[in-house]
Every structure is written in structure tokens, then in C-alpha cells.
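Below are the chains, spelled out letter by letter.
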Amino acid sequence: MTAIDYGDRARIGLMVPSGNQVCEAELHAMMPPGVAAHVTRLELRGSSEEELLRMIEGLEAAARLLADALPALLAFHCTAVSTFAPEMAGGITARIAAATGLPATGTAEAILAALAALRARRLLLVTPYIAPVHEREVAFLSAHSIETIGSAMMGVNTNAEMALIPPDHIAAAVRAARTDDADACFISCTAIRSAGLIALLEAELGMPVITSNQVMAWHALRRCSIADAVPGFGRLMAMP
């Protein structure tokens, strides 16, 4: 009989942007045996302030649908929305927990947990975003005592366009923004093809490299008391 992995160790429910073509493939690749990611979508295609804020209007309904699958954890997974303002991340997870009675987290919480685990306070930040989104993320990190000492942004508006950015362009942006004074490099955004760059850039830069999808995979697993190392996705995914 063919073996099928149904996620009997843990099921993780994720709410992702409707236009995202990338995050599911990367998250599934980073899940160890016995863990399954179940995904639903909230409307988000572009990066305007109106679109970003509209994404969370249907938060409770989406969370309740995912809760029907009895996940161990529910996660809101969009970097630009969860880092929109320092107070927004906590409000999103509180709404999910209140609507479902289940543990909840979000991308912003995962980013901060990963940086704390790596003891990183000085950051090289690379994003695909337009300027207002990039600047809000810098401000969010600063509000949590994380200094952005080198950065690059690509000025891309939609999730569909972000998915088309070649990984070598992302790597080039990292190299262009490089500073040896950083504690870690953060390649932000759930919608870009960055997971395959992590190990390569860690070796090249000599520092930890994290991405939005990687930190969510790591944080969600740890929240579910699963400490498996997942090789090939950087120092963070090897940490207990």
C-alpha cells in the first residue's frame, strides 16, 4: 500500500494572500514527515494600503473554516499586513484565537521569534516591495529594537509579479545591500522564490539568512512542539 502523509503529528492551518503563488510550495518543502500545512486564502493581490487592510476583513470567517480541520495552530501568513503597524500583529492573532478558540500566530510574530533565537538585532533587509510597504516594515522592526543597517527594495506591486522575480535577482539585491556589520539577512515576503537561496547565501555572507516562509515554518513547528531539523533551509531550520 502506498504511504501517504496525512499530517498525524500536527496540522497547521494557514491564511495566505489570494494572489500568492509561492508560499505553499515553500512551506510544504519545509515541513518534516508527519506535519501537514492546510491553506485558505484571503483577498490580496496588490500592495496599496487599502488592499492590505482589506485582507483582514474576512479574517474570522477564514479562520473558522480552517478550524474545522482541527489544526494544532492557526497562522496568518502575510508579511506586509502583519508588519503594517506594531500593534496590528497582536490584534490579528487575538482575533483568530477569539473566533476559533485555537492557538494562533502570524508572520510578524514568527519573524521576531526567529530573530530572537538567532540573537540578531542588526539586520540586512531585502524586500520586493514598493517603498511604503518596505518603509513600514523597517519601522515595525525598529519598534521592536531591530535596526535595519542595510536594505534593498525592488518596487514590485502585485503577488503575481513577485512570483516572477528570478531567484538570482533576489540574490543580487542581497549582495548589493550587503554590510558585514549585520547579524543576519532577512529576505522578506511570502510571495517570492527565496527558500532555495538560503543555504547558498548563508555560505556566501557568513551570517544567518531568514525568509518569511522559512520563519513561519520554523515558528509554527516549534509552537507545535516539533523540533525536527529540516536540512537545506539554513541555520534557523537546524535549530532546536
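Structure's up top.
Residues numbered from 1 in each chain as written. Predicted model: local features only at pLDDT ≥ 70, side-chain atom pairs only at ≥ 80, totals over all residues. Heavy atoms only, no water.

Enquirer: Explain the nonpolar core to me, using residue names and the numbers behind them.
Expert: Residues Met15, Phe76, Val81 and Ile96 are the most contacted members of the largest nonpolar core, which totals 46 residues. Looking at this core, the elements with two or more residues in it are helix 3 (59-67), strand 3 (73-76), helix 4 (79-82), helix 5 (88-100), strand 5 (122-127), helix 9 (167-177), strand 7 (184-187) and helix 10 (198-205). Tallying contributions element by element places helix 9 first for this core, with 5 residues. Apart from residues no more than four positions distant in its own chain, Val81 is found in contact with Leu44, Leu52, Met55, Ile56, Phe76, Met88 and Ile92. Grouped together as the second largest cluster of nonpolar side chains are 41 residues, Val35, Ala184, Ala217 and Leu221 included. (Core = buried A, V, L, I, M, F, W, Y, C linked by side-chain atoms within 4.5 Å. Buried < 20%, exposed > 50% of the residue type's maximum accessible area, 1.4 Å probe, protein only. Helix = DSSP H or I, 4+ residues; strand = E, 2+ residues; numbered from the N terminus. Contact = heavy atoms within 4.5 Å.)

Enquirer: Could you give an account of helix 10, with specific residues and numbers?
Expert: In an α-helix, one turn spans 3.6 residues, which is why side chains three or four residues apart end up on the same side. Every buried residue belonging to helix 10 is among Ile198, Leu201, Glu202 and Leu205, and all of these are buried. Projected down its long axis, helix 10 carries its buried residues within an arc of 105°, all on one side. Buried-residue contacts for helix 10 involve helix 9, strand 7, strand 8 (209-211), helix 11 (212-223) and helix 12 (234-238). Phi turns positive, to about 70°, at Gly206, one or two residues after helix 10. (Arc of directions from axis to C-beta.)

Enquirer: Please give an account of the environment of Met55 that cites residues and values.
Expert: Relative to the elements of secondary structure, Met55 occurs in the loop between helix 2 (49-54) and helix 3. Along the chain, Met55 and Ala67 lie 12 residues apart, while their C-alpha atoms are 19 Å from each other. In this view, Met55 contacts Val16, Pro17, Leu42, Glu43, Leu44, Phe76, Cys78 and Val81; residues no more than four positions away in its chain are not counted.

Enquirer: With reference to specific residues and values, describe empty space enclosed by the protein.
Expert: Per the counting criterion, the structure on display carries 1 cavity of 30 Å³ or more. Lining the largest cavity we find 15 residues, and of these Leu44, Cys78, Ala80, Tyr129 and Asn159 sit closest to its centre. Mapped by element, the contributors of at least two residues to the lining of the largest cavity are helix 4 and helix 8 (159-163). Residue composition of the lining of the largest cavity, grouped by class: 10 nonpolar, 5 polar and no charged. (1 Å grid on protein atoms, 1.4 Å probe; cavity = no way out; pocket = protein on both sides within 12 Å on 5 of 7 lines; lining within 4 Å. Points joined across faces, edges and corners; volume = space filled by probe spheres on them. Nonpolar A, V, L, I, M, F, W, Y, C, P; charged D, E, K, R; others polar.)

Enquirer: Pulling in residues and values, what's your account of the pairing of strand 1 (residues 10-17)?
Expert: Burial analysis of strand 1 places 7 of its 8 residues in the buried class, the great majority of the element. Bridging between strand 1 and strand 2 (residues 35-42) involves 8 bridges; their strand directions are parallel. Residue pairing across strands places Ala10 opposite Val35, the latter belonging to strand 2. Following the chain from strand 1 across helix 1 (residues 23-29) to the adjacent parallel strand 2, one finds a crossover that is right-handed. Of the strand pairs in this sheet, strand 1 and strand 3 are connected by 4 bridges, and their pairing is parallel. Bridging across to strand 3, Gly13 finds its partner in Leu74. (Pairing = 2+ DSSP bridges. Right-handed = clockwise from strand over helix to strand, strands pointing away.)

Enquirer: Give a detailed account of the sheet that holds strand 1, specifying residues and quantitative values.
Expert: Here we have 4 strands laid out as an open sheet, ordered 2-1-3-4, and parallel in their pairing. Across the chains shown, the open sheet's two edge strands, defined by having one partner strand only, are strand 2 and strand 4 (104-106). Sheet twist, expressed as the mean angle between neighbouring strand axes with direction ignored, is 25°. Docked against the sheet, helix 6 (residues 107-117) engages strand 3 and strand 4, running at close to 75° with respect to strand 4. Together, strand 1, strand 2, strand 3 and strand 4 form the strand contacts of helix 11, whose direction differs from that of strand 4 by roughly 160°. (Axes fitted to C-alpha atoms, helices over the stretch in contact; angles between N-to-C directions.)

Enquirer: Give me the side chain of Thr100: which residues, what numbers.
Expert: Among the secondary structure elements, Thr100 is positioned in helix 5. From its side chain, Thr100 meets the backbone oxygen of Ile96 in a polar contact 2.8 Å long. Apart from the residues lying within four places of it in its own chain, the contact partners of Thr100 are Ala63, Arg64, Ala67 and Leu74. (Polar contact = N/O pair within 3.5 Å; in protein donor to acceptor, adjacent residues only side chain to side chain.)

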